[in-house]
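Each chain, letter by letter, is given below.
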Amino acid sequence: MKLSLKDINMIALFTALTVILAQISIPIPFSPVPVTLSIFGVFLSSLILGTRNGILSQIVYILLGLVGVPVFAGFRGGLNVLLSPTGGYIISYPFMALVIGLLVSRKKNASFITMTGALLAGLVVCYTLGTSWLAVSAKLDPAKAISAGVIPFLPLDIVKAVISAALGLQIRNALTKAGLVRAG
């Protein structure tokens, strides 16, 4: 796999975007999982950079956090964060990027509806991996894990998906015209 300097710069930009958005974090009293905007970074990197580079931007994000750089919500880093109840959601990011990227790249000029559907499919991946790990790490039965890790987040995450699809479509078109990302 060969990456151009342009690819590396765009991957770094979207990794940084995910880091910044992860710091917009609101703890909620009934769940060990905070509300964050990091999912916007995952959504946008997947829509704009495509499958490979979207995945790479999220892998870089996780690796930075894994080695202790405080990139995760609340300026935290380290293996302990990935082993905490929120770890499964973070680990899901490259898998989300894979699903979103594949669904969007199947259509040369993906529409808003296609992008929104792809983002919602990515959200299913996030909830599946994240809530499974939440159940294991917090010793919750599946119903309690869903109540703590999905139900309170679903409405806002759907709104995030719709906003990301609208933004992603506009940004992707602009960056494609500027030659910074590949079309389709």
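Look up a bit, the structure's there.
Residues numbered from 1 in each chain as written. Predicted model: local features only at pLDDT ≥ 70, side-chain atom pairs only at ≥ 80, totals over all residues. Heavy atoms only, no water.

Give me the overall build of the protein: which residues, what numbers.
Helix and strand counts for the protein come out as 7 helices and 2 strands. Principal axes of the C-alpha set define a box for the protein whose edges measure 50 × 35 × 25 Å. Classification of the 184 residues of the protein by burial places 48% in the buried group. Sequence-distant contacts, at least 24 apart, represent 69% of the contacts inside the protein between residues at least 6 apart. Accessible area of the protein: about 8900 Å², with a carbon and sulfur share of 74%. (Helix = DSSP H or I, 4+ residues; strand = E, 2+ residues; numbered from the N terminus. Buried < 20%, exposed > 50% of the residue type's maximum accessible area, 1.4 Å probe, protein only. Contact = heavy atoms within 4.5 Å. Areas by Shrake-Rupley, 256 points an atom, 1.4 Å probe, with all protein chains shown as cover.)

Describe in detail the layout of surface pockets, supporting the description with residues and values.
For the largest pocket, the calculated volume is near 250 Å³. Together, 22 residues line the largest pocket, and Leu49, Gly50, Asn53, Val181 and Arg182 are the ones closest to its centre. Here the lining of the largest pocket takes 8 residues from helix α2 (residues 38-66), the largest share from any one element. (1 Å grid on protein atoms, 1.4 Å probe; cavity = no way out; pocket = protein on both sides within 12 Å on 5 of 7 lines; lining within 4 Å. Points joined across faces, edges and corners; volume = space filled by probe spheres on them.)

With reference to specific residues and values, describe the nonpolar core.
Membership of the largest hydrophobic core comes to 45 residues, with the highest contact counts inside it found for Phe43, Ile48, Tyr61, Met96 and Ile100. Listed by contribution, the elements that provide at least two residues to this core are α1 (5-22), α2, α3 (79-83), α4 (87-105), α5 (112-137), α6 (142-149) and α7 (154-177). In this view, Phe43 contacts Met96, Ile100, Leu119, Leu123, Asp157, Lys160, Ala161 and Ser164; residues no more than four positions away in its chain are not counted. (Core = buried A, V, L, I, M, F, W, Y, C linked by side-chain atoms within 4.5 Å.)

Can you lay out a nonpolar patch on the surface for me, pointing to particular residues and giving the numbers?
The grouping of Ile59, Val60, Leu63, Leu64, Leu66, Val67, Val69, Leu79 and Leu83 at the surface amounts to a nonpolar patch, some 720 Å² of accessible area in total. Listed by contribution, the elements that provide at least two residues to the nonpolar patch are α2 and α3. The class for Val67 is exposed, based on a relative accessible area of 66%. (Patch = residues over 30% accessible without salt bridge, like charges linked within 9 Å, V, L, I, M, F, W, Y side chains within 5 Å. Salt bridge = Lys/Arg side-chain N within 4 Å of Asp/Glu carboxyl O.)

How would you summarise the side chain of Ser164 if you had to cite specific residues and measurements?
As for its placement among the helices and strands, Ser164 is situated in helix α7. Judged by relative accessible area, Ser164 falls into the buried class, the value being 0%. Of the polar contacts made by the side chain of Ser164, one reaches the backbone oxygen of Lys160; its length is 2.8 Å. In this structure, Ser164 is in contact with Phe40, Phe43, Leu44, Leu47, Leu119 and Leu169, ignoring residues within four places of it in sequence. (Polar contact = N/O pair within 3.5 Å; in protein donor to acceptor, adjacent residues only side chain to side chain.)

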